[in-house]
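# Summary of the model geometry
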Amino acid sequence: MRVRPVFLLIAVSACASSGAPQKEGAATDQTVRIMGAGNTNVTLTSNAGAQVSRIEAAPDRVWLALPGAYAKVGIPISDVDTVRQRIGNSGLKLRRQLNGTSLSRFMECGSTQIGDNADSYDVFITISSTVKKDPVSGLSALETLFESQAKPVSFSREYARCSTKGLLEQRIVEAVKEQLH
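### Thoughts on the nonpolar core
- Membership of the largest hydrophobic core comes to 34 residues, with the highest contact counts inside it found for Leu66, Ile75, Met107, Leu142, Ile172 and Val176.
- Of all the secondary structure elements, the ones that give two or more residues to this core are α2 (59-73), β5 (86-95), β11 (122-133), β12 (140-151) and α3 (167-180).
- It is α2 that provides the largest number of residues to this core, a total of seven residues.

What follows is the structure, given as structure tokens:
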């Protein structure tokens, strides 16, 4: 039976790894070589984008609320840029949970017969939130970029990208709103 190149491409693309953990904002291309009847190179590009939420408060107030919001969701702050009003963590290593919540609630890293990979793999995340002024209303736009990668604990493999489910970004927004009241 002959394997169709399209199915092979999909299978290889799904298993492609990104090597070492990537830093925030470092959307890199990956090249995958497909071996078979003819050699083919495929370039994969990250489609990660920031989640943007409108908050009815002045940007300076939202900026002051962000550290408390990050503490509430369990993310230690390692990066602060006061000029751009951006905070985050560009190298948080986790396993199983973040602040009492299973990692699989926040990200999709695939699964095996025993469950979601995010709950059993070593996970590396980068997350940052930037406060911007909405030019129309003068209120705040909170941009949160969350990227994650995971690799098995017991096997020597490279990190593979995970995708966000949007819950962690939403929890940060909710925590900011709580800090403002």
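### Section: the packing of α2 against α3
- Contact pair α2 / α3: the axes reach a minimum separation of 8 Å and the direction vectors enclose 120 degrees. Classified by the angle their axes make, α2 and α3 are oblique. In terms of crossing hand, the pair formed by α2 and α3 is right-handed. The segment α2 lies against α3, with Arg61, Val62, Ala65, Leu66, Gly68, Ala69, Tyr70, Lys72 and Val73 engaging Leu168, Arg171, Ile172, Ala175, Val176, Glu178, Gln179 and Leu180.
- For the contact of α2 with α3, the per-class residue count stands at 11 nonpolar, two polar and four charged.

### Considering unusual backbone geometry
- Its identity as a non-glycine residue notwithstanding, Gln85 has a phi of 55 degrees, on the positive side.
- Along the polypeptide, Gln85 turns up in the loop between β4 (79-81) and β5.
- Gln85 gets classed as buried once you look at its relative accessible area, which sits at 16%.

### Regarding the confidence of the model for the chain
- Per-residue confidence for the chain gives a mean pLDDT of 77, with 73% of residues at or over 70.
- Here helix α1 (residues 5-15) stands out as the least confident element of the chain, with mean pLDDT 40; α2 is the most confident, with 95.
- Long-range and interchain partners of residues 1-34, a stretch whose pLDDT sits below 50, account for 67 contacts in this model, where long-range means more than four residues apart.
- Long-range and interchain partners of residues 40-47, a stretch whose pLDDT sits below 50, account for 26 contacts in this model, where long-range means more than four residues apart.

### Some thoughts on the pattern of salt bridges
- Inspection of every chain in the model, using the stated rule, returns five salt bridges.
- Asp81 serves as the salt-bridge partner of Arg84, at 3.3 Å between the closest nitrogen and oxygen.
- Where Glu143 meets Lys132, a salt bridge forms, and the shortest distance between an N and an O atom there is 3.4 Å. Of this pair, Glu143 sits in strand β12 while Lys132 sits in strand β11; the two residues are 11 residues apart in sequence, bridging distant segments of the chain.
- When its relative accessible area of 41% is taken as the criterion, Lys132 is described as partly exposed.

### Some remarks on the pairing of strand β13 (residues 160-164)
- By the bridge criterion, two bridges tie strand β8 (residues 107-108) to β13 in an arrangement that is antiparallel. Bridging from a neighbouring strand, Glu108 pairs with Ser163 of β13.

### Observations concerning α3
- Helix length check: α3, at 14 residues, gives a terminal C-alpha distance of 20 Å against a target of 20 Å (1.5 Å per residue), a fit within 8%.
- Here α3 has its buried residues at Leu168, Glu169, Ile172, Val173, Ala175, Val176 and Leu180. Down the axis of α3, the smallest arc covering the buried residues is 165 degrees, so these residues share one side.
- Buried residues belonging to α3 abut β3 (51-55), α2, β6 (97-98), β11, β12 and β13.

### Focus on the environment of Arg105
- In this structure, Arg105 sits in the loop between β7 (101-102) and β8.
- A residue is classified by how much of its surface remains accessible, and Arg105, at 48% relative accessible area, is partly exposed.
- Sequence spacing of Arg105 and Leu168 is 63 residues, and the spatial spacing of their C-alpha atoms is 8.5 Å.
- If near-sequence neighbours (up to four positions away) are discounted, Arg105 is found in contact with Lys165, Leu167 and Arg171.

About the criteria used
- Residues numbered from 1 in each chain as written.
- Predicted model: local features only at pLDDT ≥ 70, side-chain atom pairs only at ≥ 80, totals over all residues.
- Heavy atoms only, no water.
- Core = buried A, V, L, I, M, F, W, Y, C linked by side-chain atoms within 4.5 Å.
- Buried < 20%, exposed > 50% of the residue type's maximum accessible area, 1.4 Å probe, protein only.
- Helix = DSSP H or I, 4+ residues; strand = E, 2+ residues; numbered from the N terminus.
- Axes fitted to C-alpha atoms, helices over the stretch in contact; angles between N-to-C directions.
- Parallel < 35°, antiparallel > 145°, perpendicular 65-115°, else oblique.
- Left-handed = near helix turned anticlockwise from the far one by under 90°.
- Contact = heavy atoms within 4.5 Å.
- Nonpolar A, V, L, I, M, F, W, Y, C, P; charged D, E, K, R; others polar.
- pLDDT = per-residue confidence, 0-100.
- Salt bridge = Lys/Arg side-chain N within 4 Å of Asp/Glu carboxyl O.
- Pairing = 2+ DSSP bridges.
- Expected span 1.5 Å × (residues − 1).
- Arc of directions from axis to C-beta.

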